Amino acid sequence: MLEHKFARMEVKMIKKADLEKAKQIYKYMEEDFPKNEIPNHTGFVKLTQENIQNVYIYEENSQEIAYFITMEKDKKVLITHLAVIKEHRGQGVGKRFIEAIKEFLANKKVLIVEVESEKNAKNEQELEVIEKRLRYYLNAGFVKCNELEYILYNVDYYILTYSTDESSIFPNVLKDTLESIYDGLFPKENLSINITI
C-alpha cells in the first residue's frame, strides 16, 4: 500500500476592502495602534470614500490575517498603517505579509513607511516596540533615509523606503512626495520635513 503525503498549499491574497470592510478594519486599528496614531473615525471613512486612502486585507487560506492602509501619489506609496491581527501574531505572519505587500505593489516606484524615532520612547517598553518596528522593516529590505528630518504632529519619525527606482528615494523627491500626499489633509504646521545634507 502506497501512502501519499500532500503538502498543504497555502493560498495568500491581498484584497482591497470596500467601505464596510474598511470600517471593520478601523475597529482592529483601535486595538492595534496607540490612540495618537489612529485617525478619527469620520476622517478615516471620508478618506476611504473619496479614494484618498486605500484599505487592504491580507488573507491566508481565506482567513483575514493582517491589513494595511496606503496613500499614493505618482506611483509612490505611503503605507500609513500596517498590522497583523492580534490573534495571528507571533506565528511568522509578519514576514510573509510584508513580502506579499512588496509583490502586490511591485509596479509602484517606491514604498514609504514612517517609523517612530527612539527619542519618542517614554519608557523601556516603548523603546523595545520602536526598535522592533525598525528592525522589521530593515530586515524586509527597507532602507532608512538618514537625510530627512521628519516630524508629524510633534512626533519624530524615520522615513524608510523600499524601491527599485533609485530616483524615487532621493531626499528631495521623498520630501515632495510626502508633502504632496498630505497636502490639504491637515494644517501644514503639523508636518515638518527638512533635508539634513
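Values in this document were obtained by computation on a predicted structure and should not be read as measured data.

*Asks:* Sorry if this is basic, but what is going on with the overall build of the chain here?
*Replies:* A count of helices and strands for the chain gives five helices and nine strands. Along the chain, helices and strands appear, N-terminal first, in the series β-α-α-β-β-β-α-β-α-β-β-β-α-β. For 197 residues, the compact-globule formula gives about 16 Å, and the C-alpha radius of gyration of the chain, at 18 Å, lands near that figure. Projecting the C-alpha coordinates of the chain onto the three principal axes gives extents of approximately 70 × 40 × 35 Å. Every one of the 197 residues in the chain was classed for burial, and the buried ones make up 43%. Within the chain, residue pairs in contact and separated by at least 24 positions form 62% of the contacts whose partners lie at least 6 positions apart. About 11800 Å² of surface is accessible on the chain, with carbon and sulfur atoms providing 48% of the total.

*Asks:* What should I look at first to understand the pairing of strand 2 (residues 54-60) in this one?
*Replies:* A regular strand places its side chains on the two faces of the sheet in alternate fashion. For strand 2, the buried fraction is high: seven of the seven residues fall into the buried class. Where burial is concerned, the two faces of strand 2 agree: the one with Asn54, Tyr56, Tyr58 and Glu60 and the one with Val55, Ile57 and Glu59 are both buried. Sheet analysis places strand 2 next to strand 3 (residues 63-73), joined by seven bridges and oriented antiparallel. In the strand pairing of strand 3, Tyr58 is matched with Ala66. Linking two consecutive strands that pair antiparallel, namely strand 2 and strand 3, is a turn of two residues; a positive phi of about 50° is found at Asn61 within it.

*Asks:* Got a minute to help me understand the packing of helix 1 (residues 19-32) against helix 2 (residues 41-49) in this structure?
*Replies:* Angle between the axes and distance between the axes are the two parameters that describe a pair of packed helices. Running from amino to carboxyl end, helix 1 crosses helix 2 at an angle of 145°, the nearest separation of the two axes being 10 Å. Classified by chirality, the crossing of helix 2 by helix 1 is right-handed. On helix 2, the residues touching Leu19, Ala22, Lys23, Tyr26 and Met29 of helix 1 are His41, Phe44, Val45, Thr48 and Gln49. Taken together, the residues of the contact of helix 1 with helix 2 sort by class into six nonpolar, three polar and one charged.

Rules behind the numbers
- Residues numbered from 1 in each chain as written.
- Predicted model: local features only at pLDDT ≥ 70, side-chain atom pairs only at ≥ 80, totals over all residues.
- Heavy atoms only, no water.
- Helix = DSSP H or I, 4+ residues; strand = E, 2+ residues; numbered from the N terminus.
- Rg over C-alpha atoms; globule rule 2.2 N^0.38 Å.
- Buried < 20%, exposed > 50% of the residue type's maximum accessible area, 1.4 Å probe, protein only.
- Contact = heavy atoms within 4.5 Å.
- Areas by Shrake-Rupley, 256 points an atom, 1.4 Å probe, with all protein chains shown as cover.
- Pairing = 2+ DSSP bridges.
- Axes fitted to C-alpha atoms, helices over the stretch in contact; angles between N-to-C directions.
- Left-handed = near helix turned anticlockwise from the far one by under 90°.
- Nonpolar A, V, L, I, M, F, W, Y, C, P; charged D, E, K, R; others polar.

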